Amino acid sequence: MHIQFPGLFIATTVVLSLVGCSTSKTKTEATPIGIAISTNKEINLVETECFNPQFSYRGDQILYICQDRSFNAQPQLFIEDLNTGFRKQITFQDGNLKEPHFLRPDFLIYLSSTDRRKEHIPSLSDKPLPLDELEVYSYDLRNDDIERITDNSFDETAIVPLKHIDPKLAFVRLEKGIYKVYLKNLANNSEKLMFKTSNKVSEIGVNDANQLLIVEDTGYKKWVRLIESDKKQTLWPEFKKEAQSFSLDSKTGDLEYLEASKVKTLSLKNLCESEVFSFSVPVSEIQKSPVVDNLYVYTTLVQGLRRIERKVITRNPTQSCKKIVRRR
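Bear in mind the structure is a predicted one, so any value in this text is a computation, not a measurement. (Residues numbered from 1 in each chain as written. Predicted model: local features only at pLDDT ≥ 70, side-chain atom pairs only at ≥ 80, totals over all residues. Heavy atoms only, no water.)

1. Digging into the overall build of the protein chain
Then step 1. Helix and strand counts for the protein chain come out as one helix and 28 strands.
Then step 2. Relative to its full complement of 328 residues, the protein chain shows a buried share of 50%.
Then step 3. A fraction of 42% describes how many contacts in the protein chain between residues 6 or more apart in sequence connect residues 24 or more apart.
Then step 4. With the model as given, the accessible surface of the protein chain reaches about 16,500 Å², and the carbon-plus-sulfur share is 51%. (Helix = DSSP H or I, 4+ residues; strand = E, 2+ residues; numbered from the N terminus. Buried < 20%, exposed > 50% of the residue type's maximum accessible area, 1.4 Å probe, protein only. Contact = heavy atoms within 4.5 Å. Areas by Shrake-Rupley, 256 points an atom, 1.4 Å probe, with all protein chains shown as cover.)

And the structure:
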């Protein structure tokens, strides 16, 4: 499927603020980021919300989803260049959209239901098909080429790219009440089952060694495990249900996550939990820059609408450590 898209550019300037802390008892809070937007087309910013931000591998771009409640209720993908301040709308589709990622600098992956909506003809179907059943898609930015990667009767719920010489990704498939995590090689279209559970898999991630980080939601707690190999797994102590945005620090081996608008780390070496930063407003979907120390992008609420902000956060290396006792 080859689609040519018109370009829509919005020049965006984001002012980053540096925040410091001097002692382990001082909690550092993020301050609002000033955003100046100019465009040659009138846009109702009051009704626009953006969410699900992801850094590019080089850290020079952010990929995210926006939708305008008054103009276009359908979510669309945008790319923003952090060097120039320009952003571009890159999809013009009907249907649901979630989990956008850079697989390569010029190649995107995401979940969408656009083709399912086009293919569903109620009069010819024996039973109704959920219109927002998601499949994995790729987008080649070099030639505006969109391709559906998965095509089945099941719902794909989460994806994450892997850094590999062959284009690879991991995704979660909900199949008859079982959440299955697959590793997919786009070079030969092969799939390998890596993990399955009856619990909801709410997140998946990868570390620098391309090992899978899997977050299970039991309904009252969250379990996080690292699939190190076919025979070895690491399971962290259980987390509160509201914990999210888990990532593994390649230098320390600590698990970093967001809980109640606080960035925390947990060390398996001594079962020690530290609070390294806190926000004064509700925050979700936080991600750390792959190249700039302590630069984060995240989603927050502004007058009831989701908005994307980015912030350089000065972490406190002397933050006190709290011993924990949790079930594993």
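Read on, since the account is not over.
2. Overview of the sheet that holds strand β9 (residues 107-112)
Then step 1. Read across the open sheet, the four strands follow the order β8-β9-β10-β11; overall the sheet is antiparallel. Single-partner strands in this sheet number two, and they are β8 (97-104) and β11 (145-148). With strand direction ignored, the average angle separating the axes of adjacent strands in the sheet is 25°.
Then step 2. Bridging between β8 and β9 involves five bridges; their strand directions are antiparallel. From the neighbouring strand, Phe 102 faces β9, where its bridge partner is Leu 108. (Pairing = 2+ DSSP bridges. Axes fitted to C-alpha atoms, helices over the stretch in contact; angles between N-to-C directions.)

3. A few points about unusual backbone geometry
Then step 1. Residues other than glycine seldom take positive phi values, yet Asn 189 does so here, at roughly 65°.
Then step 2. Mapped onto the secondary structure, Asn 189 falls in the loop between β14 (178-185) and β15 (190-197).
Then step 3. Even without being a glycine, Ser 245 presents a positive backbone phi close to 55°.
Then step 4. In this structure Ser 245 comes out as buried when scored by relative accessible area, which is 14%.

4. A word on the environment of Ile 90
Then step 1. Within the secondary structure layout, Ile 90 lies in the loop between β7 (86-89) and β8.
Then step 2. On the accessibility criterion, Ile 90 (4% relative accessible area) is buried.
Then step 3. Residues Ile 90 and Asp 144, spaced 54 residues apart in sequence, show a C-alpha to C-alpha distance of 8.5 Å.

5. Examining the confidence of the model for the protein chain
Then step 1. In the predicted model, the protein chain carries a mean pLDDT of 81, and 78% of its residues have values of at least 70.
Then step 2. Averaged over each element, pLDDT in the protein chain is lowest for strand β2 (residues 18-19) (28) and highest for strand β17 (residues 212-217) (98).
Then step 3. Here residues 1-44 is a poorly scored stretch, pLDDT under 50, and it has 106 contacts once near neighbours within four places are set aside; other chains count. (pLDDT = per-residue confidence, 0-100.)

6. Section: the nonpolar core
Then step 1. Grouped together as the largest cluster of nonpolar side chains are 14 residues, with contacts concentrated most on Ala 170, Val 172, Val 181, Val 201, Ile 204, Leu 212 and Ile 214.
Then step 2. At the level of secondary structure, the elements contributing two or more residues to this core comprise β12 (155-162), β13 (168-175), β14, β16 (200-206) and β17.
Then step 3. In this structure Ile 204 touches Ala 158, Ile 159, Val 160, Ala 170, Phe 171, Val 172, Val 181, Leu 213 and Ile 214, once residues within four positions along its chain are discounted.
Then step 4. In this structure, Ile 65, Leu 108, Tyr 137 and Ile 146 belong to the second largest nonpolar core, which totals 13 residues. (Core = buried A, V, L, I, M, F, W, Y, C linked by side-chain atoms within 4.5 Å.)

7. Digging into the environment of Glu 275
Then step 1. Inspection of the secondary structure assignment puts Glu 275 in strand β24 (residues 272-278).
Then step 2. Sequence separation between Glu 275 and Glu 256 is 19 residues; the distance between their C-alpha atoms is 9.8 Å.

8. Looking at the packing of aromatic side chains
Then step 1. Within the structure shown, the criterion is met by eight aromatic pairs.
Then step 2. Relative to Tyr 137, the ring of Tyr 110 lies with its centre 5.9 Å away and its plane at 15°, an arrangement referred to as stacked. Within this pair, whereas Tyr 110 is found in strand β9, its partner Tyr 137 is found in strand β10 (residues 135-140), the two being separated by 27 residues in sequence.
Then step 3. Taking the centre distance of 5.5 Å and the plane angle of 20° together, the rings of Phe 171 and Tyr 182 count as stacked. In this pair, Phe 171 sits in strand β13 while Tyr 182 sits in strand β14, placing the two residues eleven residues apart along the sequence. This pair shows no difference in class: Phe 171 is buried, exactly as Tyr 182 is.
Then step 4. Chaining the aromatic ring pairs together yields one cluster made of Phe 239, Phe 246 and Tyr 257. (Phe/Tyr/Trp six-rings, centres within 6.5 Å; stacked < 30°, edge-to-face > 60°.)

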